[in-house]
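If you want the building blocks of each chain, they are given just below.
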Amino acid sequence: MADPISLQDIAAIVASVPKGADRGTLTAAIDKAVDGVIANLQAADSALSADLLKITKFTLEFLEACGKMGDPQFRTHIKTRASELHNELSMAAAKAAAKAAVKKAAAPKKA
């Protein structure tokens, strides 16, 4: 697992991509952003923060925008990375829900 990077750094990676960027620049930004979000999702110990969910959505929107351009091989790369991100988000959400259920079950019952 990669070390998480700050959510602000992930946003900066995406925001720094210039309009009309070449495929190599876009691919590098996609990979850095997705890897950063995945690392943060994997590092989340409990409930997913609103900021982490926002940056995940922002990154998925970036992938969607990139998917509207480029050749089929580039779009395949984008779909693969989006799928990885969706899977990690699903696993992190399930882990958070399971921890919340355990915590709720362990809480003292009110009389």
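Everything quoted here is computed from the prediction, not taken from an experiment.

1. Some points on the side chain of Thr59
Point 1. By the secondary structure assignment, Thr59 is in helix α3 (residues 50–67).
Point 2. Beyond its immediate chain neighbours, meaning those up to four positions away, Thr59 contacts Ile10, Ala33, Val34, Val37 and Leu85.

2. Section: the nonpolar core
Point 1. Grouped together as the largest cluster of nonpolar side chains are 27 residues, with contacts concentrated most on Leu26, Ile30, Leu41, Phe62, Leu63 and Leu85.
Point 2. No other element matches helix α2 (residues 23–43), which puts eight residues into this core.
Point 3. Aside from chain neighbours lying at most four places away, what touches Leu26 is Val17, Ala21, Phe62, Cys66, Met69 and Phe74.

3. Some points on α2
Within an α-helix, residues lying three or four positions from one another point in the same direction, as the helix has 3.6 residues per turn.
Point 1. Compared with the 30 Å implied by 1.5 Å per residue over 21 residues, the 30 Å span of α2 between its first and last C-alpha is a close match.
Point 2. When α2 is considered as a whole, its buried residues turn out to be Leu26, Thr27, Ala29, Ile30, Ala33, Val34, Gly36, Val37, Ile38, Ala39, Asn40 and Leu41.
Point 3. Where the residues of α2 are buried, they touch α1 (7–15), α3 and α4 (72–106).
Point 4. Measuring from the backbone nitrogen of Gly24 back to the side-chain oxygen at the start of α2 gives 3.1 Å, which picks out Asp22 as the cap.

4. Considering the confidence of the model for the chain
Point 1. For the chain, per-residue confidence averages 90 on the pLDDT scale, and residues scoring 70 or more make up 97% of the total.
Point 2. Element-level mean pLDDT values for the chain span from 90 in α4 up to 95 in α2.

5. So, the pattern of salt bridges
Point 1. Applying the stated criterion across every chain, the model contains five salt bridges.
Point 2. Across the pair Asp35 and Arg81 runs a salt bridge, and its minimum N-O distance is 2.5 Å. Of the two residues, Asp35 is situated in helix α2 and Arg81 in helix α4; the sequence distance between them amounts to 46 residues.
Point 3. A salt bridge links Glu84 to Arg81; its shortest N-O distance comes to 2.7 Å. Note that Glu84 and Arg81 are positioned in helix α4 at a spacing of three residues, about one turn of the helix.
Point 4. Classification of Arg81 by relative accessible area gives buried; the value is 8%.
Point 5. Taken together, the shared-partner salt bridges connect Asp31, Asp35, Arg81 and Glu84 into one network.

Definitions and limits used
- Residues numbered from 1 in each chain as written.
- Predicted model: local features only at pLDDT ≥ 70, side-chain atom pairs only at ≥ 80, totals over all residues.
- Heavy atoms only, no water.
- Helix = DSSP H or I, 4+ residues; strand = E, 2+ residues; numbered from the N terminus.
- Contact = heavy atoms within 4.5 Å.
- Core = buried A, V, L, I, M, F, W, Y, C linked by side-chain atoms within 4.5 Å.
- Buried < 20%, exposed > 50% of the residue type's maximum accessible area, 1.4 Å probe, protein only.
- Expected span 1.5 Å × (residues − 1).
- Polar contact = N/O pair within 3.5 Å; in protein donor to acceptor, adjacent residues only side chain to side chain.
- pLDDT = per-residue confidence, 0-100.
- Salt bridge = Lys/Arg side-chain N within 4 Å of Asp/Glu carboxyl O.

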